[in-house]
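Single-letter residue listing:
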Amino acid sequence: MPADTTQDVRGRAAGVVRQVAVLPVGSFEQHGAYLPLATDTLVACAVAREIAAAYPVHLLPPVTIGCSHEHADWPGTVSISSVTLHAVVTDIASSLRRSGVEALVVVNGHGGNYVLGNVVQESSARGERMALFPAAEDWEAARERAGVVTSLLTDMHAGEIETSILLHAHPESVRPGYEAADCVADDRRHLLSLGMSAYTDSGVIGRPSLGSAEKGKELLASLADSFGTYFSFLTADEVPGRV
């Protein structure tokens, strides 16, 4: 949880043309038998903390429940509707602007939070400064830098990437069993209709056995580097491509 005071935020603003807030958004859903229900939130927070360590941003507390309807059959999963998530993030952005923070970056830790893309598009169309991070290209660059073997297609849920990040950032939260939990299901064309249970008995889709703390550290470092371009255009006098 961020420990900033009002004075901290005011002081940070003095050295930046435009303030940028970073909002981690996760989920509360099953991640197999070895990763916690809060995995996506922990991942989003780890990415956000890495960003905050490298850039003068205002780190916000996370949104801990997202759109996890594809996991509805699994014990422990809790979801909110896309309408609710849209409203929450939009309200947060509006509140930030009223307090003088002009730009918001949403750090998404859950692939099922599709609506966040709509939030950013709609906000940008209104002339507001907002971005969604990381993009698929940022994850791909991080995957290559960290030596992650599994492709982004295969590494869908509780796989090599998530296991690696938690082994680095929250090793106490990873239980034994990931070493033998690999499950590959690359053809998931009916996921939205049938949910995760149509493709996995364990709740895992990916190769967690390949995860390591070293890969997790490099994944986060790469994402922090990729964030530089986002910070630049969000704090620029003019947003590229906008007329």
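This structure is a prediction, so every number in the text was calculated from the model and none was measured.

Rules used in this analysis
Residues numbered from 1 in each chain as written. Predicted model: local features only at pLDDT ≥ 70, side-chain atom pairs only at ≥ 80, totals over all residues. Heavy atoms only, no water. Axes fitted to C-alpha atoms, helices over the stretch in contact; angles between N-to-C directions. Helix = DSSP H or I, 4+ residues; strand = E, 2+ residues; numbered from the N terminus. Parallel < 35°, antiparallel > 145°, perpendicular 65-115°, else oblique. Left-handed = near helix turned anticlockwise from the far one by under 90°. Contact = heavy atoms within 4.5 Å. Nonpolar A, V, L, I, M, F, W, Y, C, P; charged D, E, K, R; others polar.

**Q** Looking at this structure, I do not really get the packing of helix H3 (residues 82-98) against helix H4 (residues 115-125). What am I missing?
**A** Packed helices, taken two at a time, are described by their axes: the angle between them and the distance between them. The N-to-C vectors of H3 and H4 enclose an angle of 40 degrees; their axes lie 9 Å apart at closest approach. With respect to each other, H3 and H4 are oriented oblique. Note on packing geometry: the crossing formed by H3 with H4 is right-handed. Of the residues in H4, those in contact with Ser82, Leu85, His86, Val89 and Thr90 of H3 are Val115, Leu116, Val119 and Glu122. Of the residues contributing to the contact of H3 with H4, the split by class is 5 nonpolar, 3 polar and 1 charged.

**Q** What's the story with the packing of helix H2 (residues 39-54) against helix H6 (residues 160-169) in this structure? I'm lost.
**A** Two numbers describe how H2 lies on H6: the axes approach to 10 Å, and their chain directions differ by 65 degrees. The handedness of the crossing between H2 and H6 comes out as left-handed. Here Thr39, Asp40, Leu42, Val43, Ala46 and Arg49 of H2 come into contact with H6, specifically with Glu162, Ile165, Leu166 and Ala169. Tallied by class, residues from the contact of H2 with H6 come to 6 nonpolar, 1 polar and 3 charged.

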